[in-house]
Amino acid sequence: MKKLMLSACRAIALAAVVVSTGNIAHAKPVPLDRIVAVVDKDVVMESELNHRVEAVQRQLSERNITLPPESVLKNQVLEQLVLENLQLQMGRNGGIRIDDWTLNDAVTRIAQRNGLSIEEFRKSLEADGLSYAEAREEIRREMVINRVRQRQITSRIQISEQEIDNFLRSPEGQASQEVEYRLGHILIATPDNPTPAQVQAAEKEASNILVQLKQGANFAEMAITYSKGQNALNGGDLGWKSAEQLPTLFAEQAVKMNTGQISQPVRSAGGFHIFKLLDTRGNEKVLEEQVNVRHILIKPNEIRNDLEAQMLARDLYDRIESGESFTDLAKAYSDDPGSALNGGSLEWVSPKTLVPEFQKAMEETPQDVVSEPFRSSYGWHILEVQGKRKADISNKVRRNQVRELLGMRKFEEELEVWLREIRDQSFVEIRL
């Protein structure tokens, strides 16, 4: 019966059964379901509303949140169902379909994120009063809605370079770029107003510990055994802190050390300190392999078939081998408008941005040697690798991360506006 009530062909607004009493004239209809909202070309049934209300009540109770009056809760949930229905209709009209293979993959990933097998996931759902089949269909609905939102809202979001600059200059942006240090610390303490002999003894002990550390002794074990610092029982681990959060003496050591490096004993009023820079974060460099390459592209076209394009590429290759200028021939013959005016130069590019055939030819051709003509999906190429390097693209990666963050924020803002728009522009009749 539930399948009938939730099917797409819900044209029956009210079903009824007749309870026989021996006199059919006195039989009373017993309603099984009814429409609570008309939403454009579809409807929301009371059974759907009750099912969702029960689920929300269960979730709120589990979180110890006081439930609002049932009438208020029903209105809230019904509005949610109306919006979902509108988005599902948009998905159907837009040809969005979630096949069983895609759905199975999504269900598996959800189970894995919760540390469960599919069978354990099924049992967990049943314990919460939800059948596995119902959960699958709910996940399918959510996937359709997410695709509709991506399709409709992404095109409304633009992130300018100025917005990225403004974020990076803001306190939030500055904090996100701040370098943090994870220091290990051993303190060989001296008493207040120590005598020279006490200072000398502490210095000697610190030096002996340093020797052992350089010979491979475990820093955490040495800290637990010898350190008088507050974090001794944590193996001397001070945790992640920015330079501003560290004592001045500690920060001065952290900023000049490399990861894994152990400092010489450093004297302070409290004794002798030994530091180890366990790790840093926030200053990671992202290096990318880049190639300085130039090429000539000959495309087949209306007046030149593929064989003729290949023959022309071979002719140009022979002319370059005979001493003619690669640059001049690229300007005269290359069908790649983006590079032809630069003598065929693509400048410094990441191999990952190029088609596989081009990547393969670059790998197999020695530097400063012109390749034999080869075919890609674009046409026939000859290329020359002029240099290779590892480029620091940390700033580019950072800006892309900020772009993604700002995009997510704008997405949420635009989503609220868009949902109000589709609600206002649609025919909705509430019959609750």
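An unreviewed UniProt entry lists the chain under the name Chaperone SurA, from Endozoicomonas euniceicola. According to its UniProt record, the chain has this under Catalytic activity (unreviewed entry): "[protein]-peptidylproline (omega=180) = [protein]-peptidylproline (omega=0)". Word for word, the UniProt comment on the chain under Subcellular location (unreviewed entry) is "Periplasm".

Q: What exactly am I supposed to notice about the pairing of strand S5 (residues 180-189) here?
A: Sheet faces and side chains relate simply in a regular strand, where the side chains alternate between the two faces. Of all 10 residues in S5, 7 are buried, a share of seventy percent or more. Of the strand pairs in this sheet, S5 and strand S6 (residues 237-242) are connected by 4 bridges, and their pairing is antiparallel. Its bridge partner lying in S6, Arg182 is registered against Trp240. Of the pairings in the sheet, the one linking S5 to strand S8 (residues 271-281) comprises 10 bridges and is antiparallel in character. Each residue of the ladder has a partner; that of His185, found in S8, is Phe275.

Q: How should I be thinking about the sheet that holds S5 in this particular structure?
A: Picture the strands of a sheet paired through backbone hydrogen bonds; they go either parallel or antiparallel. Spatially, 4 strands are ordered S6-S5-S8-S7 in an open sheet, and the strand pairing comes out antiparallel. What marks the edges here is a single partner per strand, and that holds for S6 and strand S7 (266-268). Across this sheet, the average inter-strand angle for adjacent strands is 40°, counted without regard to direction. Strands in contact with helix H9 (residues 196-214) are S5, S7 and S8; relative to S8, the strand with the most contacts, it is inclined by about 35°. Against the sheet, helix H10 (residues 219-226) makes contact with S5 and S8, and its axis sits at roughly 40° relative to S5, the strand it touches most.

Q: How do you make sense of the packing of aromatic side chains when you look at a structure like this?
A: This structure, assessed with the given rule, holds 2 aromatic pairs. Judged by centre distance (4.8 Å) and plane angle (70°), the ring pair of Phe250 and Phe275 falls under edge-to-face. You can see Phe250 sitting in helix H11 (residues 248-254) and its partner Phe275 sitting in strand S8, a full 25 residues away along the chain. By relative accessible area, Phe250 is classed as buried at 11%. On the accessibility criterion, Phe275 (0% relative accessible area) is buried. Ring centres of Phe358 and Phe374 lie 5.8 Å apart, and the angle between their planes is 70°; on these two criteria the pair is classed as edge-to-face. You can see Phe358 sitting in helix H15 (residues 356-364) and its partner Phe374 sitting in strand S11 (residues 374-375), a full 16 residues away along the chain. The two residues Phe358 and Phe374 agree in class, both being buried. A cation over an aromatic ring shows up here: Arg122 above the ring of Tyr132, its NZ or CZ 4.1 Å from the ring centre.

Q: How do you make sense of the UniProt feature "domain: PpiC" (unreviewed entry) in the chain when you look at a structure like this?
A: This chain's UniProt record puts "domain: PpiC" (unreviewed entry) on residues 178-279 and 288-387. Helix and strand shares over residues 288-387 are 37% and 26% respectively, and the end C-alpha atoms of the span are 14 Å apart.

Q: Quick question: what am I supposed to make of the environment of Asn395 here?
A: Position of Asn395 relative to the elements: it lies in helix H16 (residues 394-425). Take Asn395: its relative accessible area is 54%, and that puts it in the exposed class.

Q: What's the story with the nonpolar core in this structure? I'm lost.
A: Inside soluble globular proteins, nonpolar side chains tend to come together where they are buried. In this structure, Val39, Val44, Leu49, Val77, Leu78, Val82 and Trp418 are the most contacted members of the largest nonpolar core, which totals 45 residues. Elements that contribute at least two residues to this core include exactly strand S3 (35-39), helix H2 (46-62), helix H3 (70-93), helix H4 (100-113), helix H5 (118-127), helix H6 (132-153), helix H7 (161-169) and H16.

Q: Just checking my understanding: could you explain the sheet that holds strand S9 (residues 287-298) for this structure?
A: Pairing in this open sheet of 4 strands is antiparallel, and the strands run S10-S9-S12-S11 from one edge to the other. In this open sheet, the two edge strands, each paired with only one partner strand, are strand S10 (345-349) and S11. Relative to S10, S9 runs antiparallel, the two being bridged by 4 bridges. What sits directly across from Asn292, in S10, is Trp348. Seen against the sheet, helix H12 (residues 306-321) touches S9, S11 and strand S12 (380-392) and runs at an angle of roughly 65° to S12. Lying on the sheet, H15 is in contact with S9, S10, S11 and S12; it crosses S12 at an angle near 75°.

Here is what the cut-offs are and how they apply
Residues numbered from 1 in each chain as written. Predicted model: local features only at pLDDT ≥ 70, side-chain atom pairs only at ≥ 80, totals over all residues. Heavy atoms only, no water. UniProt positions renumbered as here; feature names shortened; annotations may be inferred. Buried < 20%, exposed > 50% of the residue type's maximum accessible area, 1.4 Å probe, protein only. Helix = DSSP H or I, 4+ residues; strand = E, 2+ residues; numbered from the N terminus. Pairing = 2+ DSSP bridges. Axes fitted to C-alpha atoms, helices over the stretch in contact; angles between N-to-C directions. Contact = heavy atoms within 4.5 Å. Phe/Tyr/Trp six-rings, centres within 6.5 Å; stacked < 30°, edge-to-face > 60°. Lys NZ or Arg CZ within 6 Å of the ring centre and 35° of its normal. Core = buried A, V, L, I, M, F, W, Y, C linked by side-chain atoms within 4.5 Å.

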